Amino acid sequence: MPIVWGAVHQPYAAGPDAAAELADLVAAAHEHGLAVWLDVVFNHTGEGDRAHPTWSLRGLDPSAYRTRPDGSPFDDSGCGNDADPAHPWVRALVLEALERYADLGIDGFRFDLASLLTRDGGELARRIGDWADERGVTLVAEAWDLASYQVGDGFPDRRWRQWNDRFRDDVRGFVRGEAGLVAAMAQRVQGSPDLFGDQAWRTVNFVTAHDGLCLYDLTAVTDDRHRAWDCGPDLRPQQLRNHLTHLLLSAGAAMFVMGDEFARTQHGHDNPYDVDGPISWVDWHRLVEWHDLHAYVQALLRARRHLDHDAVQVYGVHGETDLGHDSRSLAWRSGDVYVMANSWWEPLVFHVVAPGTWRLELASSPDTEQRSDGTVVVAPRSTAVLMADPSGGRPT
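If you're wondering where the values come from, they're calculated on a predicted model, not measured in any experiment. (Residues numbered from 1 in each chain as written. Predicted model: local features only at pLDDT ≥ 70, side-chain atom pairs only at ≥ 80, totals over all residues. Heavy atoms only, no water.)

## So, the overall build of the chain
- For the chain, the count of helices and strands is 11 helices and 14 strands.
- Rg of the C-alpha trace for the chain: 23 Å, near the compact-globule value of 21 Å for 396 residues, within the 12% margin.
- Here the chain holds 396 residues, and 52% of them are scored as buried. (Helix = DSSP H or I, 4+ residues; strand = E, 2+ residues; numbered from the N terminus. Rg over C-alpha atoms; globule rule 2.2 N^0.38 Å. Buried < 20%, exposed > 50% of the residue type's maximum accessible area, 1.4 Å probe, protein only.)

Given below as structure tokens:
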């Protein structure tokens, strides 16, 4: 948790100038075509409530924190000291911190519990939006906290992208075979128009994040709170591919945790933010063990380049989407990509509804096959990805 907003953590550096090393790191990333976004926490500081030592804002001006009429602190962050976004010092410090990081080359910022920064009616969020427009950086909001949920148009500035936890929950449930989710999934794969209208660019889709279970553990632990299911070692690789297919071939930005692409595990730990050890480290030996999954993700990323995020059509097995409670199938076409998803425990024969010629490109199960008539037998609990075949007539 931050003590000084805008500071660069010295223990991360090899030498005495942590800021210079961060700038060098960002510059090196840029040379490889990578943008660098920083996760920032401005909704509280690490000094906690009054029972903890005074290290930061409390020693300068206690009114920087939000308090109730009886003087007790608000704690909608869960950390004991919610910052007051209406306080002029808080606003100035936030903007100065962002300016410093941008001067070091940072390309974007993800704001922890960003909804807490809107307790002033949204003025600070809009000022940050104005600043980001001028600096040309990206803003991403985690638009919820312990007392507020603003995902979609509830957040006061539409220039921000947003973490989409609805995508996370619906995909997790659908992939593990829960009923009643097809209607929601039809929204998610289109960029969640029920939340973001026709602006799919505003959704940051994810199945896993830095807190919670990692992707492998979602398939190795049974936990309804996390919508996780220990599906067993035989089905596990297939379920991992299913999760990643939904994530990477849906409209909107896609985010996953480093190592998910080669089955990194935290051995069931769901929040090792304060653990500096094997549980939170990346075991690179798994890249060798899970090289097939890694190659599958690479293929999905190549397919992703052919999506049209602004024009997604959803279908069912034979045509119209089956939105019934017991339905567990969905198909969608995005650009030159056609995805078939079968979360049922029996194979389903999908008809390609979009015009043109399509070839089976990827399948999470080896039992999936495309028939000579163009239909695809999608194996139980699996996904199939078709690509437009220009040689056979490009779809229109």
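## Comments concerning the packing of helix α5 (residues 165-175) against helix α6 (residues 182-189)
- Axis separation between α5 and α6 bottoms out at 10 Å; the angle between their running directions is 130°. The orientation of α5 relative to α6 falls into the category oblique. The hand of the α5/α6 crossing is left-handed. Listed contacts from α6 to R166, F167, D170, V171 and F174 of α5 are V182, A184, M185 and R188. (Axes fitted to C-alpha atoms, helices over the stretch in contact; angles between N-to-C directions. Parallel < 35°, antiparallel > 145°, perpendicular 65-115°, else oblique. Left-handed = near helix turned anticlockwise from the far one by under 90°. Contact = heavy atoms within 4.5 Å.)

## Some thoughts on the pairing of strand β9 (residues 337-342)
- Most of β9 is tucked away: 6 of the 6 residues are buried.
- Residues V337, V339 and A341 point to one face of β9 and Y338, M340 and N342 to the other, with burial holding for every one of them.
- Of the strand pairs in this sheet, strand β8 (residues 329-334) and β9 are connected by 6 bridges, and their pairing is antiparallel. Looking at β9, one finds that S329 is bridged to N342.
- The antiparallel pairing of β8 with β9 creates a hairpin that spans 2 residues between the two strands, and G335 there sits at a positive phi of about 65°.
- Inspection of the sheet shows β9 paired to strand β14 (residues 382-388) by 6 bridges, in the antiparallel sense. (Pairing = 2+ DSSP bridges.)

## Remarks on the environment of S329
- Relative to the helices and strands, S329 resides in strand β8.
- Sequence separation between S329 and G232 is 97 residues, and the spatial gap between their C-alpha atoms is 22 Å.

## Regarding the sheet that holds strand β5 (residues 203-206)
- Here we have 6 strands laid out as an open sheet, ordered β1-β2-β3-β4-β5-β6, and parallel in their pairing. If you trace the sheet from one side to the other, it starts and ends with β1 (37-40) and β6 (253-255), each paired once. Each neighbouring strand pair of the sheet contributes to a mean axis angle of 25°, computed without reference to strand direction.
- Alignment of strand β3 (residues 138-141) against strand β4 (residues 161-164), held across 2 bridges, turns out to be parallel. From the neighbouring strand, V140 faces β4, where its bridge partner is R161.
- On top of the sheet, helix α3 (residues 88-103) reaches β1 and β2 (108-111); it is set at about 140° to β2, its chief contact.
- Across the sheet, α5 touches β4 and β5, and the angle it forms with β4 is around 25°.

## Observations regarding the pattern of salt bridges
- Applying the stated rule across the entire model yields 27 salt bridges.
- For the salt bridge of R159 with D133, the shortest nitrogen-to-oxygen distance reads 2.8 Å. Pair noted here: R159 is in the loop between β3 and β4 and D133 is in helix α4 (residues 123-135), with a separation of 26 residues, a long-range link.
- Owing to a relative accessible area of 32%, R159 belongs among the partly exposed residues under this scheme.
- One salt bridge in this structure joins R188 and D170, with 2.8 Å as the shortest N-O distance. On the criterion of sequence distance, the pair formed by R188 in helix α6 and D170 in helix α5 is long-range, its members being 18 residues apart. This pair shows no difference in class: R188 is buried, exactly as D170 is.
- One network of salt bridges, in which partners are shared, links R66, D76, D82, R119 and D145. (Salt bridge = Lys/Arg side-chain N within 4 Å of Asp/Glu carboxyl O.)

## Comments concerning the pairing of β14
- Across the 7 residues that make up β14, a large majority, 7, are buried.
- Where strand β11 (residues 358-363) and β14 come together, 5 bridges link them in antiparallel fashion. Within β14, the position partnered with R359 by the bridge is M387.

## Section: α3
- With 16 residues, α3 should cover 22 Å at 1.5 Å per step; its first-to-last C-alpha distance of 22 Å lies within 8% of that length.
- Listed in full, the buried residues belonging to α3 are V90, R91, V94, A97, L98, Y101 and A102. Looking straight down α3, one finds that the buried residues subtend no more than 135° of arc, so they occupy a single side. Turned more than 90 degrees off the buried face of α3, the exposed positions are P88, E96 and D103.
- Buried residues along α3 sit in contact with β1, β2 and α4. (Expected span 1.5 Å × (residues − 1). Arc of directions from axis to C-beta.)

## Describing the packing of aromatic side chains
- Taken as a whole and assessed by the stated rule, the structure comprises 14 aromatic pairs.
- When the centroid spacing of 5.3 Å and the interplanar angle of 35° are considered together, the rings of F262 and W284 count as tilted. Pair noted here: F262 is in the loop between β6 and α10 (285-289) and W284 is in the loop between β6 and α10, with a separation of 22 residues, a long-range link.
- Accessibility expressed as a relative area gives 1% for F262, which makes it buried.
- Seen from their ring centres, Y315 and Y338 are 5.6 Å apart, and the 5° between their planes marks the pair as stacked. Of the two residues, Y315 sits in strand β7 (residues 312-315) while Y338 sits in strand β9, which places them 23 residues apart along the sequence. For the pair shown, Y315 and Y338 are each scored as buried.
- The rings of W5, F42, F111, F155 and W160 are connected pair by pair, giving a single aromatic cluster. (Phe/Tyr/Trp six-rings, centres within 6.5 Å; stacked < 30°, edge-to-face > 60°.)

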